[in-house]
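Secondary and tertiary structure notes
In case you want the letters, here they are:
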Amino acid sequence: KSRETADPAACSSLKLAAAEHRDEAASKKNLCVKAAKEHNIPEDLNKVLENKVMETVLDLSYVKLSVVETTCSGDADSEGIVSKSVSSHSDLIPGVYEGGLKIWECTFDLMDYFSEAETDFTDKTVLDLGCGAGLLGIVALQGEAARVHFQDYNSTVIDEITLPNVVANCTSAGRRMGSGKDRKASKPPSKRPRKAETSPDVLNRCRFFSGEWSQVSQLLLNSNKPCSKYDIILTSETIYNPDYYSALHDTLAQLLDRNGHVYLASKVHYFGVGGGIYLFEKFIEEKNVFRTSIVKTIDQGLQRCIMEIAFKNP
């Protein structure tokens, strides 16, 4: 209504103000880009599991979040995301904390799909993008992937959640590193901290990174030990915010092997944030780099989908 009644001079002034606001917002976004870094695997793996209590789901071990919330402070959480998430009662603080402490339901959708489709990870190079707990990458390790790299926005998530989960699932007392196809139903949580007696071979196949996607891409491609492109990229619940679509698309285009595949799990729509599977699908179509197909739809509760993405011209 205001557009119908406004005079041309006022419209011009409004457009100028809007442009300045966009420039300012873009400038702030650039300032918030989180630098990438690689996380070394400690020699003493027992320190990785120190003060950690493990729970079990679908025959995989994972760190109990409530214990991390109680014990993680100071240098262990230099980003302050644990306290910020708890105090704000939020699983998402854009540009600060991107939800990696929590295991989201689409992760389990993707794990089920791998089992149903008998996805072959043997000798593949795999990236768990926006890994959080790292369960997808751990499944790839169980499937005898040659290399699995884990990336999350927050360094605290990598150190306090992802790395402990990988170590716990590589212990001789923990999960057998097998095919991962015959997973059992959830078991009661273990109440004792896990002692690490790992298979070095498994951890030698892993690398861990934190930071914003574009920064991680540059680190991977330009470091003194650059990695080859990935045969498979796994990502779950990473398309909730349309503001991130361009960075995600560019990251996939830069890091995926020409004959590789992306498996992306998402809700159809993320209320309150605006993203969703069909909006991202449209974004990909407009870029005209990838082809997509919805390989599975889950209708229980809020509708969810699994999308397979590959280059149009491999």
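An unreviewed UniProt entry annotates the protein chain as protein-histidine N-methyltransferase originating from Aegithalos caudatus. The heading Sequence similarities (unreviewed entry) in the UniProt record of the protein chain holds the text "Belongs to the methyltransferase superfamily. METTL18 family."

1. Focus on unusual backbone geometry
With phi around 50°, Leu-58 is a residue other than glycine that occupies positive phi space. By the secondary structure assignment, Leu-58 is in the loop between strand S2 (54-57) and strand S3 (60-63). Taking relative accessible area as the criterion, Leu-58 reaches 17% and is therefore assigned buried. Phi angles above zero are rare outside glycine, and Asn-288 is one such case at about 60°. By the secondary structure assignment, Asn-288 is in the loop between helix H12 (277-287) and strand S9 (290-298).

2. Points about the nonpolar core
In summary, soluble globular proteins display a tendency toward joint burial of nonpolar side chains. Phe-114, Phe-121, Val-126, Leu-135, Phe-150, Val-166 and Leu-234 are the most contacted members of the largest nonpolar core, which totals 50 residues. Residue contributions to this core peak at seven residues, all from helix H8 (residues 155-168). Discounting chain neighbours no more than four positions away, the residues touching Phe-114 are Thr-119, Phe-121, Leu-136, Val-139, Leu-234 and Tyr-263. Grouped together as the second largest cluster of nonpolar side chains are 27 residues, Cys-227, Leu-248, Leu-252 and Val-268 included.

3. Overview of the packing of aromatic side chains
A complete count under the given rule lists ten aromatic pairs for this structure. Here the aromatic rings of Phe-114 and Phe-121 are separated by 5.2 Å at their centres, their planes lie at 90°, and the arrangement is edge-to-face. Judged by centre distance (6.0 Å) and plane angle (85°), the rings of Phe-114 and Tyr-263 are edge-to-face. Of this pair, Phe-114 sits in helix H6 (residues 105-117) while Tyr-263 sits in strand S8 (residues 256-267), and the two are 149 residues apart along the sequence.

4. Topic: H8
A rise of 1.5 Å per residue sets the reference length of H8, with its 14 residues, at 20 Å; its end C-alpha atoms lie 19 Å apart and thus fit the reference within 8%. Bending of H8 peaks at approximately 30° at the position of Thr-162, with proline Pro-164 no more than four residues after it. In terms of burial, H8 is largely enclosed, as 13 of its 14 residues are buried.

Procedures and definitions
Residues numbered from 1 in each chain as written. Predicted model: local features only at pLDDT ≥ 70, side-chain atom pairs only at ≥ 80, totals over all residues. Heavy atoms only, no water. UniProt positions renumbered as here; feature names shortened; annotations may be inferred. Helix = DSSP H or I, 4+ residues; strand = E, 2+ residues; numbered from the N terminus. Buried < 20%, exposed > 50% of the residue type's maximum accessible area, 1.4 Å probe, protein only. Core = buried A, V, L, I, M, F, W, Y, C linked by side-chain atoms within 4.5 Å. Contact = heavy atoms within 4.5 Å. Phe/Tyr/Trp six-rings, centres within 6.5 Å; stacked < 30°, edge-to-face > 60°. Expected span 1.5 Å × (residues − 1). Bend = angle between axes of the 7 residues up to and from the residue.

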